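# Tertiary structure, described
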Amino acid sequence: MVMRLLHTSDWHLGRAFHRVSMLGAQAEFIGHLVATVREREVDAVLVSGDVYDRAVPPLAAVELFDDALHRLAALGVPTVMISGNHDSARRLGVGAGLIDRAGIHLRTEPSAVATPVVLADAHGDVALYGLPYLEPALVKDEFGVEKAGHEAVLAAAMDRVRADLATRPDGTRCVVLAHAFVTGGEASDSERDITVGGVAAVPAGVFDGAHYVALGHLHGCQTLTERVRYSGSPLAYSFSEADHRKSMWLVDLAADGTVRAERLDCPVPRPLARVRGTLEELLADPDLARHEDSWIEATLTDSVRPADPMARLTERFPHTLSLVFDPERAPDDPRVSYARRLAGRSDQQIARDFVAHVRGAGPDERESAILRETFDAVRADAAVREVAR
């Protein structure tokens, strides 16, 4: 006697993996999703953004999405979807009113965050609120916040959610879908940076009042609290995800709002492996035999670049997709690669370092503010242009 929810996100339909098409694997995942809904008697499906990989997806990705909608609708199980930072909210939301009649509820408009999909079980109502990705520069006026920032706009959106919830019958359970970087989450290389004002993350406390928060954006499956979780992407989209266990959350929401979550594995089209060493070591190491059928990122540490490294590697590892040269050198060696020196640093940090390099001192407080504002303006302009496409 529970409301059973299936939480997934970040499908990124249309995305390739190092130039390898993932459409076949994505279609296999959709089939797995539909089978899970049927076999585990799911009451509602939650898709927390980044349905597509880009604002204007290829036709094959749109066809796969259309197939997914038809198959989910045929099961008669309600599905709630929000747009993510990779989606074009306007495109994804086309026909939302009509599709709604089939039980597919698209939530792409910031103004509709307090308009829930209301489901019912034997214990009463469950209100599912969809918070699409809220680009601060584009929605700050909608939410009446003075300063564009992730925490401010999400807090304002949740204020609206809580205000609507207060008008509903006592005991109504609250489920929130959101696409954001929440403090405590662990990022990977395949997520697009959403930093504003030097800050990307928002505290989990923003979602206080919700019985379950189905998050999207980060590609690793993560539990921030028992009530706040990322499902992660169903497929790996970068070698930084080589150690991820790709999955969905099967969430049972009890009458009193308590949550029980079970992690369900997704199909793996081919395992990923990162191997490191000299070329000869990689070709000879017997412990690497288990990776011979994996997609490979090989990092070569030879002091001198060997001849024909990719051709030689693919003789043993035919699915090698990425080749990195990283000779073993001391960190202060001037020959240390530019990429290694910049690893883990944000655009703003790199800009500050550049200022310090060219004039001998880093930017002062006023200059740092100018840098932040400039980077935010460029990112906001890119978001506006993408929405307009």
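Structure first, text after, so check above.
Within any chain, residue numbers begin from 1 and follow the written order of that chain's sequence. Local features are withheld for residues below a pLDDT of 70 in this predicted model, meaning they are given only at 70 or higher, and side-chain atom pairs are given and counted only at 80 or more; totals for whole chains, interfaces and linings count all residues. Remark: hydrogens and water are excluded; side-chain values derive from all non-hydrogen atoms of the structure.

### Considering the nonpolar core
Note the cut-off: Here, nonpolar core means buried Ala, Val, Leu, Ile, Met, Phe, Trp, Tyr and Cys residues that are tied together by side-chain atoms lying within 4.5 Å of each other. Type-normalised accessible area, obtained with a 1.4 Å probe on protein chains alone, sets the label of each residue: buried when under 20%, exposed when over 50%, and partly exposed for intermediate values. Elements are defined by DSSP. Helices are runs of H or I of four residues or more, strands are runs of E of two residues or more, and each kind is numbered from the N terminus. Two residues form a contact once any of their heavy atoms are found within 4.5 Å.
Counting residues in hydrophobic clusters, the biggest one holds 33 residues, and the most contacted among them are Tyr129, Leu131, Phe143, Val176, Phe207 and Leu215. When residues of this core are traced back to their parent elements, those giving at least two are strand E8 (124-131), helix H5 (136-143), helix H6 (150-166), strand E9 (173-179), strand E10 (181-182), strand E12 (212-216) and strand E14 (228-230). Looking at this core element by element, the count peaks at 7 residues for H6. If sequence neighbours within four positions are ignored, Tyr129 has contacts with Val113, Ala114, Pro116, Val161, Asp164, Leu165, Arg168, Cys174, Val175, Val176 and Leu177. Among the nonpolar cores identified, the runner-up in size contains 29 residues, and Trp11, Phe65, Ile104 and Leu250 belong to it.

### A look at the packing of aromatic side chains
Between two aromatic rings, the relevant description is the distance of the centres plus the angle of the planes. Under the convention used in this document: Working definition: a ring pair exists when centres of Phe, Tyr or Trp rings (six-membered ring for Trp) sit within 6.5 Å. Plane angles under 30 degrees give stacked, over 60 give edge-to-face, the rest tilted.
Overall, the coordinates contain 4 aromatic pairs when judged by the stated rule. Seen in terms of ring centroids, Phe17 and Trp295 are 5.4 Å apart; in terms of plane orientation they differ by 40 degrees. Their pairing is tilted. Taken together, the residues Phe17 in strand E2 (residues 16-17) and Trp295 in strand E18 (residues 295-300) connect sequence positions 278 residues apart. The class of Trp295 is buried, set by a relative accessible area of 10%. Relative to Phe65, the ring of Tyr52 lies with its centre 5.3 Å away and its plane at 65 degrees, an arrangement referred to as edge-to-face. One end of the pair, Tyr52, is in the loop between strand E4 (44-48) and helix H2 (59-75); the other, Phe65, is in helix H2, with 13 residues separating them in the sequence.

### Topic: the environment of Arg372
In this fold, Arg372 is placed in helix H11 (residues 365-388). For Arg372, a relative accessible area of 35% puts it in the partly exposed group. Arg372 sits 159 residues away from Val213 along the chain, and the two C-alpha atoms are 30 Å apart. Residues within four places of Arg372 in sequence aside, it is in contact with Gly197, Gly198 and Gln348.

### Things to note about helix H8 (residues 309-316)
Selection rule: Note: the arc covers the axis-to-C-beta directions of the helix.
Of the positions making up H8, those classed as buried are Pro309, Leu313 and Arg316. All buried residues of H8 project into a common sector of 55 degrees when viewed along the axis, lining one side. Of the surrounding secondary structure, the elements contacted by the buried residues of H8 are helix H7 (279-284), E18 and strand E19 (320-325).

### Digging into the sheet that holds E4
Quick note on the threshold: Between any two strands, pairing holds if DSSP finds at least two bridges. Here an axis means a line fitted to C-alpha atoms, over the contact stretch when the element is a helix, while the angle between two N-to-C directions is reported on a 0 to 180 degree scale.
The strand order across the open sheet built from 6 strands is E6-E5-E4-E1-E15-E16, with neighbouring strands paired in mixed fashion. Each of the sheet's edge strands pairs with one partner strand only, and the pair in question is strand E6 (104-107) and strand E16 (259-265). Neighbouring strand axes in the sheet, compared pairwise and without regard to direction, differ in orientation by 20 degrees on average. Strand direction decides the pairing type here: strand E1 (residues 3-8) and strand E15 (residues 247-253), joined by 5 bridges, are antiparallel. Residue pairing across strands places His7 opposite Trp249, the latter belonging to E15. Relative to the sheet, helix H1 (residues 23-39) contacts E1, E4, E15 and E16, its axis offset from that of E1 by approximately 170 degrees.

### Digging into the environment of Ser231
Where we set the bar: We define a polar contact as two N or O atoms separated by no more than 3.5 Å, with the added condition that, inside protein, one atom must be a possible hydrogen donor and the other a possible acceptor, whereas residues neighbouring each other in sequence contribute only through side-chain atom pairs.
Summarising the element assignment, Ser231 is placed in the loop between E14 and E15. Residues Ser231 and Leu215, spaced 16 residues apart in sequence, show a C-alpha to C-alpha distance of 6.9 Å. Excluding anything up to four places from it in sequence, Ser231 contacts His7, Thr8, Ser9, Leu215, Cys221, Ser247 and Trp249. Of note is the side chain of Ser231, whose polar atom sits 3.0 Å from the side chain of Ser9.

### Points about the pairing of E6
Of the two faces of E6, both are covered, the one formed by Ile104 and Leu106 as well as the one formed by His105 and Arg107. Pairing analysis gives 4 bridges linking strand E5 (residues 79-82) to E6, with the strands arranged parallel. Opposite Thr79, over in E6, you have Ile104 as the bridge partner.

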